[in-house]
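Chain by chain, the residues:
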Amino acid sequence: MSKSKQKIVPHLWYENGAKEAAEFYASIFPDSKITNVTTIQDTPSGDSEIVSFELWGQKFMSISAGPYFKINPSISFIVNFDPSRENDASEKIDEIWNKLSEGGTALMPLDKYPFSERFGWIQDKYGLSWQLMLTNPEGEERPTIVPSLLFVGEKCGMAEEAIHFYLSVFKNAKQGLIARYPQGMAPDKEGTIMFDDFMLEDQWFSAMDSAHEHKFNFNEAISFMVYCDTQEEIDYYWERLTAVPEAEQCGWLKDKFGISWQVVPSEMNEMMSKGRPDQLSRVTNAFLKMKKFDLEKLRKAYKG
C-alpha cells in the first residue's frame, strides 16, 4: 500500500499555531513538506486554518480552531532512527533532538537506556511530544514515525484490551512486539504493557501502560482520521468505534478508551483543497450539522 493512500492520519488541534507548527516540523525532519493550507470560514471557532503536511513520509493534518483542547503527552510520536536506513542515524538523532528542544521540555533526557543505545522523550514548544529512538537494525523494520498511546490514570492497564479491540475493528491489522512489565517495577503492575506495537490499515501504532502519576489523559487535541471511500465504510467504523454519544459531532467520535477518531470520506480532502470559496462554504455548513458524515449530502452541498 503506497503512502499516498495512508488511510489513518494523525490530526493535531492548535489554538492558532497549526501552520507555524507544521512549518517548524517540516524544517526539522527529512523528506517533509506542507502539502495544503485551507481556511474554512464561520465555524463555531471562527475562521479555522486546516493544514496538511508530511513528516519523513508520514501524513499529518492539523487545524487552528481555538483554545478548546490542549495537546499533551498521552499521545506522542516515536521517531525511529534506524542505522541500516540512515548512515548518520546517531548524528541525526542529536540534531533533531536539539531543534525540538528549543523552548521545549525533556520528559526523558537523551541518553542510553536498557531498550535503546540512544533515546529521549521531548515535549516541544507547541506541546507535542516525540520519542526519538536509535533503533536496533536487527529487528523487523518499522516506519520512521509511529504514533504512541500512553494509558495512564484510570486507563492504566487497559492497553492490551485496547489493542485487541483495534485489531478486531481495523482491516490489514496485525500484532507486533509485546513487552510486559516484570515484577518489581512498582507502581507498574507485573504483566501490564511496557511496550507493544501493532499495525492497523498498514499503519503502525504503539501502546504502553504507565501507573506513574501523570497530569494528563487522552483528549481531542490529537485524534486519528480514518479515510473512508464509501458510506458503508463510514457506517462500519462509526458504529464500532463510537462510545460517547455527547462527543459525536462533525465526523468526530470518542471510543471507549477515550481516544478520538474522525471518520471522514476520502473525497472530503479533495473538496476542501480544490473547492471554490462558495463550495467550501456549502460543505462546511453541511458538515457542521452532522454527527456521522453523510457522504451523499456532502456531495450535494459541494455540487450546489
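Let us look at the structure shown here. Keep in mind it's a predicted model, so treat the numbers as computed, not measured.

1. A look at the overall build of the protein chain
- Tallying secondary structure elements over the protein chain gives seven helices and 15 strands in all.
- Compactness check: the protein chain gives a C-alpha radius of gyration of 19 Å against a globular reference of 19 Å for 304 residues, within 12% of the reference.
- Reported as C-alpha extents along the three principal axes, the dimensions of the protein chain are approximately 60 × 35 × 35 Å.
- Relative to its 304 residues, the protein chain shows a buried fraction of 54%.
- In the protein chain, of all internal contacts separated by at least 6 residues, the share reaching a separation of at least 24 is 64%.
- Summed over its atoms, the accessible surface of the protein chain is roughly 14,000 Å², and 50% of this surface lies on carbon and sulfur atoms.

2. Considerations on the pairing of strand S9 (residues 145-151)
- Taken across its seven residues, S9 has seven buried, putting it largely inside the fold.
- Every second residue of S9 is oriented toward a common face, with Ile145, Pro147, Leu149 and Phe151 on one face and Val146, Ser148 and Leu150 on the other, all of them buried.
- With five bridges connecting them, strand S5 (residues 75-81) and S9 associate as antiparallel partners. Looking at the pairing, Ile75 lines up with Leu149 of S9.
- With four bridges connecting them, S9 and strand S12 (residues 203-209) associate as parallel partners. If you follow Leu149 over to S12, its bridge partner there is Ala207.

3. Let's talk about the side chain of Gln203
- As for its position among the elements, Gln203 is in strand S12.
- For Gln203, a relative accessible area of 4% puts it in the buried group.
- Within the structure, the side chain of Gln203 is placed 3.4 Å from the side chain of Gln6, a separation counted as a polar contact.
- There is a polar contact of 3.5 Å between the side chain of Gln203 and the side chain of Gln58.
- Residues within four places of Gln203 in sequence aside, it is in contact with Gln6, Ile8, Gln58, Pro147 and Phe198.

4. Comments concerning the sheet that holds strand S14 (residues 252-254)
- Strand order across the open sheet formed by seven strands is S2-S3-S4-S1-S13-S15-S14, with mixed pairing between neighbours. Across the chains shown, the open sheet's two edge strands, defined by having one partner strand only, are strand S2 (33-43) and S14. Mean inter-strand twist for the sheet, computed between neighbouring axes without regard to direction, equals 25°.
- Relative to strand S4 (residues 58-64), strand S3 (residues 46-55) runs antiparallel, the two being bridged by seven bridges. Across the sheet, residue Ser52 finds its bridge partner in S4, namely Met61.

5. Details of the packing of helix H6 (residues 277-288) against helix H7 (residues 295-303)
- For the pair H6 and H7, the least separation of the axes is 7 Å and the interaxial angle reads 150°. Classified by the angle their axes make, H6 and H7 are roughly antiparallel. Crossing handedness for the pair H6 and H7: right-handed. Residue-level contacts link Gln279, Arg282, Val283, Ala286 and Phe287 of H6 to Leu298, Ala301, Tyr302 and Lys303 of H7.
- In the contact of H6 with H7, the residues fall into six nonpolar, one polar and two charged.

6. Describing the sheet that holds strand S7 (residues 116-123)
- With mixed pairing, the eight strands of this open sheet are ordered in space as S6-S7-S8-S5-S9-S12-S11-S10. In the strand order of this sheet, the two ends are held by strand S6 (105-113) and strand S10 (174-180), each with one partner. On average, each strand axis in the sheet is tilted by 20° relative to the strand beside it, whichever way the strands run.

7. Brief notes about the packing of helix H1 (residues 18-28) against helix H2 (residues 89-101)
- Contact geometry of H1 with H2 gives a least axis separation of 10 Å together with a crossing angle of 160°. Of the possible angle classes, the one that applies to H1 and H2 is roughly antiparallel. As for the relative orientation of H1 and H2, their crossing is right-handed in sense. Between H1 and H2, the residues in contact are Phe24, Tyr25 and Ile28 and Ile96, Lys99 and Leu100, respectively.
- Among the residues forming the contact of H1 with H2, the class breakdown is five nonpolar, no polar and one charged.

The rules behind the values
- Residues numbered from 1 in each chain as written.
- Predicted model: local features only at pLDDT ≥ 70, side-chain atom pairs only at ≥ 80, totals over all residues.
- Heavy atoms only, no water.
- Helix = DSSP H or I, 4+ residues; strand = E, 2+ residues; numbered from the N terminus.
- Rg over C-alpha atoms; globule rule 2.2 N^0.38 Å.
- Buried < 20%, exposed > 50% of the residue type's maximum accessible area, 1.4 Å probe, protein only.
- Contact = heavy atoms within 4.5 Å.
- Areas by Shrake-Rupley, 256 points an atom, 1.4 Å probe, with all protein chains shown as cover.
- Pairing = 2+ DSSP bridges.
- Polar contact = N/O pair within 3.5 Å; in protein donor to acceptor, adjacent residues only side chain to side chain.
- Axes fitted to C-alpha atoms, helices over the stretch in contact; angles between N-to-C directions.
- Parallel < 35°, antiparallel > 145°, perpendicular 65-115°, else oblique.
- Left-handed = near helix turned anticlockwise from the far one by under 90°.
- Nonpolar A, V, L, I, M, F, W, Y, C, P; charged D, E, K, R; others polar.

All quantities given are derived from atomic positions and should not be read as evidence of function.
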